[in-house]
Amino acid sequence: MEPVWWDGDAVGYIDQRRLPGSLVRARAATVDEVVEAIRTLAVRGAPAIGVFAAYGVAVARRTAGGDDEFRAAVARIGAARPTAVNLRWAMDRLSGVEAGAELAEALAIHEEQRDVDRRIAEHGATLLPEGAAVMTYCNTGPLATGAGGTALGVIIEAARLGKKPRAIVPETRPLLQGARLTTFELAGAGVPATLIADGAVAWTMRTLGVRCAIVGADRIARNGDTANKIGTLAVAIAAAHHRIPFYVAAPRSTIDFSLSSGERIPIEERDPDEVRRFGGVATAPDGTPVYNPAFDVTPSCLIAGIVTEFGVCRPPYDESIGDLETRPSKLLAELAKR
Ligand code: MRU
């Protein structure tokens with residue numbers, strides 16, 4: 001199921017806010033619609049945001065009156081959400097192509113994502129023990145990347161290889177990406193999954209014998225500090241307490257080589273009503289003060305490995321991630337020879 005595609009003169013997408021109840025296909029034919037789809041999480045997940053935004057630039061090229069309007073439109077798309085660095089990465093990449101070549105570049109980015117996700121899945125699957133309960137978090141499957149998925153792609157690949165993983169899926173409040181999207185994708189892939197409340201993370205590690213955890217990322221600093229969906233840090237801390245390896249799976253495009261640590265990763269804060277209400281129903285008194293960060297940062301000391309399309313980066317991350325910055329094409333060439 002493609003979550004994002006080019007639709008002739010607009011970018012098509014599955015409205016993820018409506019899943020799993022309804023499979024609604026929509027299209028963004030204007031820059032306003034592109035920005036709105038990203039802002040409202042109709043399209044979400046760091047790599048999928050990058051792919052969708054790249055198509056959005058092609059929309060901007062078709063609809064903008066001139067270069068100034070085009071540049072302003074690209075800036076608006078780039079600012080639609082602050083934490084997932086794949087958005088900026090896609091904008092930077094598009095800014096390097098000639099006028100009129102934006103759609104071809106967006107299609108190339110989308111195609112590359114399929115290859116990248118396949119490699120992440122292959123590398124990551126080697127880390128999962130046979131027959132293990134594996135905790136994940138949020139949603140990192142095909143819906144979140146526009147291709148095969150990152151952390152969820154690893155679990156699905158392990159299942160395909162006959163390793164019989166059993167996924168443990170925290171619901172991921174307040175927007176329930178785990179409950180709504182991850183269980184939906186795992187059911188589609190035929191992988192057994194157990195949904196738990198977010199508050200059950202630590203206890204489930206103990207009682208269901210979780211053997212490892214693997215999550216995605218929205219931005220990774222050079223030292224391995226990783227921003228991901230709010231609640232990820234709690235999973236990492238609980239994993240450390242139970243001596244369970246905690247892995248991150250993400251493409252190189254999620255690494256922000258300009259940041260030496262996670263301290264300066266911008267953390268999106270969202271509408272308080274996401275916490276005070278659910279599905280239009282109040283779950284707290286009106287006006288209750290709310291703190292609603294959409295992401296947290298897990299320090300690299302809690303991360304056993306970062307799975308990328310180039311292989312598994314291990315601590316010290318300054319070195320292993322530094323390798324990805326300076327030698328990506330060499331590593332790709334090496335991989336191609338195998
Ligand atoms: O707010 P979301 O749903 O866009 O957050 C998504 C996540 O945090 C994912 O774990 C991350 O983007 C990686 S998706 C492969």
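Look up: the structure comes first, before these words.
Note that the structure is a prediction, hence the values are computed from the model and not measured.

Participant: Help me get a handle on the overall build of the chain, residues and values and all.
Facilitator: On a plain count of helices and strands, the chain comes out with 13 helices and 16 strands. What you see for the chain is a C-alpha radius of gyration of 19 Å, in line with the 20 Å of a compact globule of 338 residues. Dimensions of the chain, computed from C-alpha atoms along their principal axes, come out at roughly 60 × 60 × 40 Å. The proportion of buried residues among the 338 residues of the chain is 54%.

Participant: Describe the sheet that holds strand β1 (residues 4-6), listing the residues and the values that go with them.
Facilitator: The strand order across the open sheet formed by three strands is β1-β2-β3, and the pairing between neighbours is antiparallel. In this open sheet, the two strands that pair with only one neighbour each are β1 and β3 (25-28). On average, each strand axis in the sheet is tilted by 25° relative to the strand beside it, whichever way the strands run. Across three bridges, β1 lies against strand β2 (residues 11-14) in antiparallel orientation. Across the sheet, residue Trp-6 finds its bridge partner in β2, namely Val-11.

Participant: Let's hear about the site of the ligand: which residues, and what values?
Facilitator: Taken together, 18 residues lie near the ligand, and Arg-44, Ala-46, Asp-218, Asn-228 and Lys-229 sit nearest. Between the ligand and Arg-81, the relevant distance is 2.8 Å, taken from an oxygen atom to a side-chain nitrogen or oxygen of the residue. Separating an oxygen atom of the ligand from a side-chain N or O atom of Lys-229 is a distance of 2.7 Å. The protein chains hide 100% of the 420 Å² of surface that the ligand would expose on its own. Counting only elements with at least two residues in the shell around the ligand, the list comes to α2 (46-63), α6 (142-145) and β9 (226-229).

Participant: Requested: an account of the packing of aromatic side chains, with residues and values cited.
Facilitator: Under the defined criterion, the tally for this structure stands at two aromatic pairs. Arranged with centres 6.0 Å apart and planes meeting at 25°, the rings of Trp-6 and Tyr-55 form a pair that is stacked. Pair noted here: Trp-6 is in strand β1 and Tyr-55 is in helix α2, with a separation of 49 residues, a long-range link. Residue Trp-6 shares its accessibility class with Tyr-55, and that shared class is buried. Ring geometry for Tyr-13 against Phe-52: centres 5.5 Å apart, planes inclined by 85°, an arrangement best described as edge-to-face. In this pair, Tyr-13 sits in strand β2 while Phe-52 sits in helix α2, placing the two residues 39 residues apart along the sequence. One exposure class covers both Tyr-13 and Phe-52, and it is buried. Sitting over the face of the ring of Phe-70, Arg-61 holds its NZ or CZ atom 3.8 Å from the ring centroid. Positioned over the ring face of Phe-295 is Lys-229, at 4.3 Å from the centre of the ring.

Participant: So what's going on with α2? Which residues, and what values?
Facilitator: What sets the pattern is the α-helix's 3.6 residues per turn: residues three or four places apart point alike. In this model, α2 (18 residues) spans 25 Å end to end at C-alpha, consistent with the 26 Å of a helix rising 1.5 Å per residue. The element α2 is extensively covered by neighbouring structure, given that 15 of its 18 residues are classed as buried.

Participant: With reference to specific residues and values, describe the pairing of strand β6 (residues 193-196).
Facilitator: Relative to β6, strand β5 (residues 166-170) runs parallel, the two being bridged by four bridges. If you follow Pro-170 over to β6, its bridge partner there is Ile-196. Where the polypeptide runs from β5 across helix α8 (residues 177-189) and back to β6, its parallel neighbour, the crossover connection is right-handed.

Participant: For the pattern of salt bridges, give the residues involved together with the corresponding values.
Facilitator: On inspection of all chains with the given rule, the structure shows 25 salt bridges. In this structure, the salt-bridge partner of Asp-67 is Arg-61, at a minimum N-O distance of 3.4 Å. A residue is classified by how much of its surface remains accessible, and Arg-61, at 25% relative accessible area, is partly exposed. Glu-122 serves as the salt-bridge partner of Arg-118, at 3.4 Å between the closest nitrogen and oxygen. Here Glu-122 and Arg-118 lie together in helix α5 (residues 102-125), a separation of four residues that amounts to about one turn. Overall, the relative accessible area of 40% leaves Glu-122 in the partly exposed class. Connected via shared salt-bridge partners are Arg-81, Glu-268, Arg-270 and Glu-274.

Conventions and cut-offs
- Residues numbered from 1 in each chain as written.
- Predicted model: local features only at pLDDT ≥ 70, side-chain atom pairs only at ≥ 80, totals over all residues.
- Heavy atoms only, no water.
- Helix = DSSP H or I, 4+ residues; strand = E, 2+ residues; numbered from the N terminus.
- Rg over C-alpha atoms; globule rule 2.2 N^0.38 Å.
- Buried < 20%, exposed > 50% of the residue type's maximum accessible area, 1.4 Å probe, protein only.
- Pairing = 2+ DSSP bridges.
- Axes fitted to C-alpha atoms, helices over the stretch in contact; angles between N-to-C directions.
- Near = heavy atom within 4 Å.
- Polar contact = N/O pair within 3.5 Å; in protein donor to acceptor, adjacent residues only side chain to side chain.
- Areas by Shrake-Rupley, 256 points an atom, 1.4 Å probe, with all protein chains shown as cover.
- Phe/Tyr/Trp six-rings, centres within 6.5 Å; stacked < 30°, edge-to-face > 60°.
- Lys NZ or Arg CZ within 6 Å of the ring centre and 35° of its normal.
- Expected span 1.5 Å × (residues − 1).
- Right-handed = clockwise from strand over helix to strand, strands pointing away.
- Salt bridge = Lys/Arg side-chain N within 4 Å of Asp/Glu carboxyl O.

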